[in-house]
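Below are the chains, spelled out letter by letter.
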Amino acid sequence: MNFKQLEAFLAFMTTGSTIDAAQRLGTSQPAVSRLLSQFEEDLGVPLFLRRKGRLHPTHEAEVLLPDVQNMVSGAASLHRHVNQLRLGGQRRTLLRVQVPSTVAQAVMAGVAEGFLNDHPDVALEVLAGTYESGEVALLGREADLALVRSPPLNSGLAMVTELATEAVCVMPAGHPLQALQTVASADLIGIDLVLLGRQRSLRQQIDLAFRQGRMMPQIRAEVHSVEMACRFVAQGLGVSIVNGLFAHLCQDMGIVCRPFRPTIDYRLGFATLAGQPPHPLVPELARRILEALTRRAGGEAFSVVAGESVPG
């Protein structure tokens, strides 16, 4: 028996399927099935009934579930205590937040300064990564708060605040497209593009917009963050289509934003682990990040559609 087997068992019992359990753990469905089979074999107890290719937990599995929950929770507590010792000692409370790299670079230094000055008994760990890795970090109790896509891909997450924005076309200052009020896919014929990688959901929507316009995008570069796309644009390597909120965080690079048409709606929000109350300071941290986004990007870049709004 090993810890990965425990995690796979808990994820399966929580979600009810090996596919959802694999999404929660950030692994493949065959890997989860293999771990569950190994766990059952190592224990020597029938944990699952197999019917028509699906697993169904037995009474024995239900009886063992609380013990597994306690073991996984205990391991998460140990990990948290180790991090507390590493980041300032047992007397400090460690809070961990994961945000996309564009947000981390643009606002988190200022957020951390004010938050830590007001709460000297807190240590803050800031992680940068994709929406998907943010969900995995929350589910694995490696983050207390994360900025993720809404609705999230995985069950087991609670949305604290939800934001709405639209895709924008980003261009260097002085570009001919700047004269337009909105930029349509047809306006980009023959223009070099810097686009996010094909695995991003926004990229799939952009590709669909070009297909509907019956045109082939002229891609010069593919990148993997909005910040990098905006830097490429500022260097004159092309124009880009990105998340409007994140683009407005990068306007000091000398770029200009115009709404993209057809409209591509984009929703994201701050999430915590469902089923247990977050640390009392987590909502405050989310609010401070939201306030920093508003100051840096401007109120026109996004709107709060659910949860706490920023005071006027």
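Residues numbered from 1 in each chain as written. Predicted model: local features only at pLDDT ≥ 70, side-chain atom pairs only at ≥ 80, totals over all residues. Heavy atoms only, no water.

## Focus: the domain arrangement of the protein
Here is the rule we go by: Residue ranges assigned to the domains are those given by an automatic or database domain assignment. Residues count as neighbours in contact if any of their non-hydrogen atoms are within 4.5 Å of one another. The term buried area denotes the loss of accessible surface (1.4 Å probe radius) that occurs when two parts are joined, taken as the sum for both partners. In the sections that follow, a salt bridge refers to a side-chain nitrogen of Lys or Arg positioned within 4 Å of a carboxyl oxygen of Asp or Glu. Polar contacts, as used here, are pairs of N or O atoms within 3.5 Å; protein pairs need one atom able to donate a hydrogen and one able to accept it. Residues neighboring in sequence count only if both atoms are side-chain atoms. Labels follow the DSSP assignment, with helices taken as runs of H or I lasting at least four residues and strands as runs of E lasting at least two, numbered in each case from the N terminus. Gly counts as polar in this scheme, as do all residues outside two lists: the nonpolar Ala, Val, Leu, Ile, Met, Phe, Trp, Tyr, Cys and Pro, and the charged Asp, Glu, Lys and Arg.
Segmentation of the protein into domains returns domain 1 (3-65), domain 2 (85-160 + 268-296) and domain 3 (164-266). Just the C-alpha atoms count here: the centres of domain 2 and domain 3 sit 28 Å apart. With 14 residues of domain 2 at the interface, the matching set in domain 3 holds 14 residues. Counting the surface lost from both domain 2 and domain 3, the interface buries some 1,100 Å², and carbon and sulfur atoms represent 60% of this. Together, Thr102, Leu268 and Arg296 form the three largest contributors to the area buried by domain 2 at its contact with domain 3, with a combined 50%. Here aspartate 252 ties to arginine 296 by a salt bridge, and the two come within 3.0 Å at their closest N and O atoms. Inspection of the region where domain 2 meets domain 3 yields three residue pairs in polar contact (both at pLDDT 80 or more). Elements with a contribution of two residues or more to the side of domain 2 that touches domain 3: helix H5 (101-118), strand S5 (145-149) and helix H10 (282-297). Looking at the side of domain 2 that touches domain 3 residue by residue, the classes come out as eight nonpolar, four polar and two charged.

## As for the UniProt feature "domain: HTH lysR-type" (unreviewed entry) in the protein
The line we're drawing: UniProt positions are given in the numbering used here, feature names are shortened, and annotations may be inferred rather than shown by experiment.
UniProt marks residues 1-58 with the feature "domain: HTH lysR-type" (unreviewed entry), using the numbering shown here. A helix fraction of 62% and a strand fraction of 14% characterise residues 1-58, whose end C-alpha atoms lie 19 Å from each other.

## With respect to H10
Rules: Take the number of residues in a helix, subtract one, and multiply by 1.5 Å to get its expected span.
In a regular helix each residue adds 1.5 Å, so 16 residues correspond to 22 Å; H10 covers 22 Å between its end C-alpha atoms and thus fits that length. Among the residues trailing H10, glycine 298 stands out with phi positive, at a value near 95 degrees.

## Focus: the packing of H5 against H10
Quick reminder of the rule: Geometry is summarised by axes, namely lines fitted to C-alpha atoms with helices restricted to the contacting stretch, and by angles between N-to-C directions that run from 0 to 180 degrees. The cut-offs work like this: below 35 degrees is roughly parallel, past 145 is roughly antiparallel, 65 to 115 is roughly perpendicular, and the gaps in between are oblique. By convention, the crossing between two helices is left-handed when the near helix turns anticlockwise from the far helix through less than a right angle, and right-handed when the turn is clockwise.
Running from amino to carboxyl end, H5 crosses H10 at an angle of 130 degrees, the nearest separation of the two axes being 9 Å. Relative to H10, the element H5 is oriented oblique. Seen along the crossing, H5 lies across H10 with a hand that is right-handed. Taken together, the residues of H10 that come into contact with H5 (itself represented by Val103, Ala106, Val107, Met108, Val111, Gly114, Phe115 and Asp118) are Glu284, Leu285, Arg288, Ile289, Ala292, Leu293 and Arg296. Looking at the contact of H5 with H10 residue by residue, the class counts come to ten nonpolar, one polar and four charged.

## A word on a nonpolar patch on the surface
This is how the line gets drawn: Patch definition: residues with relative accessible area over 30% and no salt bridge; like charges joined within 9 Å; nonpolar side chains (Val, Leu, Ile, Met, Phe, Trp, Tyr) joined within 5 Å. Surface accessibility in these figures is a Shrake-Rupley result with a 1.4 Å probe; residues are shielded only by whichever protein chains are displayed. For every residue, the accessible area (1.4 Å probe, protein chains only) is compared with the maximum for its type, and the residue is labelled buried under 20%, exposed over 50%, or partly exposed between those bounds.
A cluster of nonpolar side chains, Met1, Leu43 and Met71, forms an exposed patch at the surface whose accessible area comes to about 280 Å². Mapping methionine 71 onto the fold places it in helix H4 (residues 59-86). For methionine 71, a relative accessible area of 40% corresponds to the partly exposed category.

## Some words on the pairing of strand S6 (residues 157-172)
The side chains of a regular strand alternate between the sheet's two faces. Where we set the bar: Pairing between two strands is assigned when DSSP locates at least 2 bridges connecting them.
Burial analysis of S6 places twelve of its 16 residues in the buried class, which makes it a mostly covered element. Two elements, S6 and strand S12 (residues 265-273), share nine bridges in a ladder whose sense is antiparallel. Residue pairing in the sheet places threonine 161 in a bridge with phenylalanine 270 of S12. Inspection of the sheet shows S6 paired to strand S13 (residues 303-306) by three bridges, in the antiparallel sense. Its bridge partner lying in S13, glutamate 162 is registered against alanine 306. Pairing between S6 and strand S10 (residues 240-243): four bridges, direction antiparallel. Each bridged residue has a counterpart across the sheet, and for cysteine 169 the counterpart in S10 is isoleucine 241. Relative to strand S11 (residues 255-261), S6 is paired through five bridges, and the arrangement is antiparallel. From the neighbouring strand, valine 168 faces S11, where its bridge partner is proline 259.

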